[in-house]
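# Coordinate analysis (summary)
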Amino acid sequence: MPNGKPAGVRCVQLADDNLCRIFGQPERPAFCGGLQPSMDMCGDSREYAVQWLGELERLTAP
């Protein structure tokens with residue numbers, strides 16, 4: 001997504017299994033590589049992590 005990913009829009013690089021198609025590739029955005037998981041972000045379930053990321057997107061939307 002050359003102009004960035006808008007909040008609420010699924011990344012075009014996510015496969016159906018939610019794995020990044022360009023993980024480890026030079027074209028992977030620096031932001032993605034810099035986003036390191038933490039217990040605060042991931043919690044104890046995928047649902048928690050998705051909700052947390054959604055809230056982060058909401059809070060940082062223009």
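The structure displayed is predicted, hence computed values, not measured ones. (Residues numbered from 1 in each chain as written. Predicted model: local features only at pLDDT ≥ 70, side-chain atom pairs only at ≥ 80, totals over all residues. Heavy atoms only, no water.)

## Side note on the state of the cysteines
For the coordinates displayed, the defined rule picks out 0 disulfides. Residue Cys 11 stays outside any disulfide, its sulfur separated by 6.0 Å from that of Cys 32, the closest cysteine. With no disulfide partner, Cys 42 has as its closest neighbouring cysteine sulfur the one in Cys 32, 14 Å distant. Judged by relative accessible area, which is 28%, Cys 42 ranks as partly exposed. (Disulfide = S-S within 2.5 Å. Buried < 20%, exposed > 50% of the residue type's maximum accessible area, 1.4 Å probe, protein only.)

## Some points on the confidence of the model for the protein chain
Per-residue confidence for the protein chain averages 88 on the pLDDT scale, and 100% of its residues sit at or above 70. Taking the mean pLDDT of every element in the protein chain, the minimum, 86, falls on helix 1 (residues 30-34) and the maximum, 92, on helix 2 (residues 39-42). (pLDDT = per-residue confidence, 0-100. Helix = DSSP H or I, 4+ residues; strand = E, 2+ residues; numbered from the N terminus.)

## Remarks on the pattern of salt bridges
Inspection of every chain in the model, using the stated rule, returns 2 salt bridges. Lys 5 is paired through a salt bridge with Glu 57; the nearest N and O atoms lie 2.2 Å apart. On the criterion of sequence distance, the pair formed by Lys 5 in the segment before helix 1 and Glu 57 in helix 3 (residues 46-60) is long-range, its members being 52 residues apart. The exposure class assigned to Glu 57 is partly exposed, which follows from its relative accessible area of 24%. Here Arg 58 ties to Glu 55 by a salt bridge, and the two come within 2.7 Å at their closest N and O atoms. On the criterion of helical spacing, the pair formed by Arg 58 and Glu 55 is a turn pair, its members being 3 residues apart in helix 3. (Salt bridge = Lys/Arg side-chain N within 4 Å of Asp/Glu carboxyl O.)

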